[in-house]
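# Per-entry structural report
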Amino acid sequence: MESLINRPIRDVLTAEAHEAFSTHLRRRARIYGRADEVTLDLRDVRGRAIPVLGSLAEKRSASGKHLFTRLTVFKAAKRMAYETGLLEARRNAEAKIRAEQETARMRDQFIAVLAHDLRNPLNAVLAGTDLLKQGRAMAARERAIIAGMESTVTRAATLIEDVLDFARGRLGDGMRLTLNRDRSLSDLLRQVVEEIQVAHSDREIITNLGIIHPIVCDAERIAQLASNLIANAVAHGAGDGAVVVDARTSSKYFVLTVTNDGGPIPDEVRQRLFQPFVRGGASNGRDRRGLGLGLYIVNEIARAHGGKMAVSCSEGTTSFTFTMPRLGTPS
Ligand SMILES: Nc1ncnc2c1ncn2[C@@H]1O[C@H](COP(=O)(O)OP(=O)(O)O)[C@@H](O)[C@H]1O
Ligand SMILES: [Mg+2]
């Protein structure tokens with residue numbers, strides 16, 4: 001930079017820079033009094049360009065006479081390096097995000113394929129236990145073993161269905177609904193309660209159904225939602241109180257509420273309940289927790305129907321409520 005001292009402006013600017021300086025920069029300075037942070041190239045004694053940022057300011061007397069023009073320059077190398085550095089860092093970060101998204105997608109795809117393909121062997125085992133049950137008279141021990149196998153495999157199949165629903169949701173297909181008005185939701189809900197009641201004969205499940213208006217929904221999915229909520233009430237609620245299932249329509253809405261006894265769900269769990277893989281502690285001493293996907297799927301079914309889920313805990317009871325517009329605008 002020393003080599004620039006005491007040299008006329010014309011000599012220290014490259015030809016292009018001098019042209020810019022003497023035409024529009026000067027004009028800007030004359031009109032606005034200054035021109036800020038323009039990129040220019042200075043020329044050292046050997047003619048090499050030194051990139052700088054220049055600011056131009058004009059000083060005039062009260063009568064408007066031009067007194068002097070001050071050009072302040074900063075070496076731009078550092079700033080440019082900084083800016084290129086930023087750009088490069090951003091490009092790297094973007095590439096990293098893309099790679100991570102791709103990996104995540106592959107992982108979801110892998111989960112979906114695995115879950116999907118596991119269904120067949122499990123169904124084969126269930127078909128086998130069915131056949132065995134139909135066969136010759138069995139000793140109590142054999143019958144118990146078969147019943148045990150059946151319930152274990154059914155449980156595995158349910159977990160796999162949940163994983164499949166989760167993976168499908170993540171892969172962007174979302175929750176696909178088959179809408180119809182004809183399927184009797186009341187019948188399906190009764191069936192759901194019946195199935196859970198058979199598996200938990202020691203528990204009291206009270207059902208109040210008041211579905212008197214037609215509902216546009218995917219009845220199978222609503223039954224799945226109810227099944228998840230009731231299974232949770234049985235698994236996570238206090239063991240002694242009844243589970244109450246209430247489903248009714250009003251002129252505009254369909255509302256399903258499942259209530260059970262038991263201490264309140266801790267705040268930190270309650271806030272994240274509907275996110276995937278969230279599980280609370282085994283509150284009633286029986287560890288019946290699943291993968292923590294149940295309520296996530298419940299919420300996806302609710303959203304797909306244009307509805308929503310709510311949870312409330314008060315006076316020793318916990319209620320999960322699903323509300324949807326009866327003739328909804330499913331998203
Ligand atoms: N009716 C309920 N009463 C108390 N806690 C519940 C109830 N339903 C769900 N929870 C809590 O929410 C968690 C998440 O539920 P869910 O998504 O169905 O997962 P999972 O049943 O597989 O653990 C449960 O682990 C439990 O701690
Ligand atoms: Mg559950």
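Residues numbered from 1 in each chain as written. Chains lettered and ligands numbered in written order. Predicted model: local features only at pLDDT ≥ 70, side-chain atom pairs only at ≥ 80, totals over all residues.

## Observations concerning the overall build of the protein chain
- Counting its regular elements, the protein chain contains eight helices and eight strands.
- Over its C-alpha trace the protein chain gives a radius of gyration of 36 Å, far above what one expects of a compact globule, namely 20 Å for 331 residues.
- Dimensions of the protein chain, computed from the C-alpha atoms along their principal axes, are close to 115 × 45 × 40 Å.
- Looking at the protein chain as a whole, 21% of its 331 residues are labelled buried.
- Sequence separation of 24 or more characterises 61% of the internal contacts of the protein chain that already satisfy a separation of 6 or more. (Helix = DSSP H or I, 4+ residues; strand = E, 2+ residues; numbered from the N terminus. Rg over C-alpha atoms; globule rule 2.2 N^0.38 Å. Buried ≥ 20, exposed ≤ 12 C-beta atoms within 10 Å, placed from the backbone. Contact = placed C-beta atoms within 7 Å.)

## Some points on the environment of Leu159
- By the element assignment, Leu159 lies in helix H4 (residues 140-170).
- Once the C-alpha coordinates of Leu159 and Ala115 are considered, the two residues, 44 residues apart in sequence, prove to be 9.2 Å apart.
- Look past the residues within four positions of Leu159 in its chain and what remains in contact with it is Gly290 and Leu291.

## Focus on the pairing of strand S5 (residues 243-249)
- Alignment of strand S4 (residues 205-210) against S5, held across six bridges, turns out to be parallel. Opposite Ile205, over in S5, you have Val243 as the bridge partner.
- In this view, the connection linking S4 to its parallel neighbour S5 by way of helix H6 (residues 219-236) has left-handed handedness.
- Where S5 hands over to strand S6 (residues 253-261), the hairpin turn is made up of three residues, counted between the paired strands. (Pairing = 2+ DSSP bridges. Right-handed = clockwise from strand over helix to strand, strands pointing away.)

## Re unusual backbone geometry
- The phi dihedral of Glu37 is positive, around 45 degrees, even though this residue is not glycine.
- Checked against the element boundaries, Glu37 lands in strand S1 (residues 34-43).

## Points about the site of ligand 1
- In the region of ligand 1, 22 residues are neighbours, and Asn232, Gly280, Gly290, Gly294 and Leu295 sit closest.
- Listed by contribution, the elements that provide at least two residues to the shell around ligand 1 are H6 and helix H8 (294-304).
- Ranked by the residues each element gives to the shell around ligand 1, the list is headed by H6, at four residues.
- Among the residues forming the shell around ligand 1, the class breakdown is nine nonpolar, eleven polar and two charged. (Near = placed C-beta within 6 Å. Nonpolar A, V, L, I, M, F, W, Y, C, P; charged D, E, K, R; others polar.)

## Things to note about the sheet that holds strand S2 (residues 49-60)
- If you trace the three strands from one edge of the open sheet to the other, you get S1-S2-S3, paired in antiparallel fashion. Both outer strands of the open sheet, S1 and strand S3 (66-75), are each paired with one neighbouring strand and no more. Within this sheet the neighbouring strands show an average axis-to-axis angle of 35 degrees, counted without direction.
- Its contacts with the sheet place helix H2 (residues 15-32) against S1, S2 and S3, and it is angled at close to 165 degrees to S1. (Axes fitted to C-alpha atoms, helices over the stretch in contact; angles between N-to-C directions.)

## As for the nonpolar core
- If you look at the biggest cluster of nonpolar residues, it comprises 38 residues, and the most contacted ones within it are Leu225, Ala226, Leu229, Ile230 and Val298.
- The two domains that each donate at least three residues to this core are domain 2 (90-170) and domain 3 (185-325).
- Excluding its chain neighbours within four sequence positions, the residues that come into contact with Leu229 are Val258, Val298 and Phe320.
- Of all hydrophobic cores here, the second largest spans twelve residues; its members include Leu13, Ala17, Ala29 and Ala76. (Core = buried A, V, L, I, M, F, W, Y, C linked by C-beta atoms within 7 Å. Domains from an automatic or database assignment.)

## Comments concerning H2
- Helix length check: H2 (18 residues) gives 24 Å between terminal C-alpha atoms against 26 Å at 1.5 Å per residue, within 8%.
- Among the residues of H2, Ala17, Phe21, Leu25 and Ala29 are the ones counted as buried.
- Contacts from the buried residues of H2 go to S1, S2 and S3.
- Following H2 by one or two positions, Gly33 adopts a phi angle in the positive range, close to 85 degrees. (Expected span 1.5 Å × (residues − 1).)

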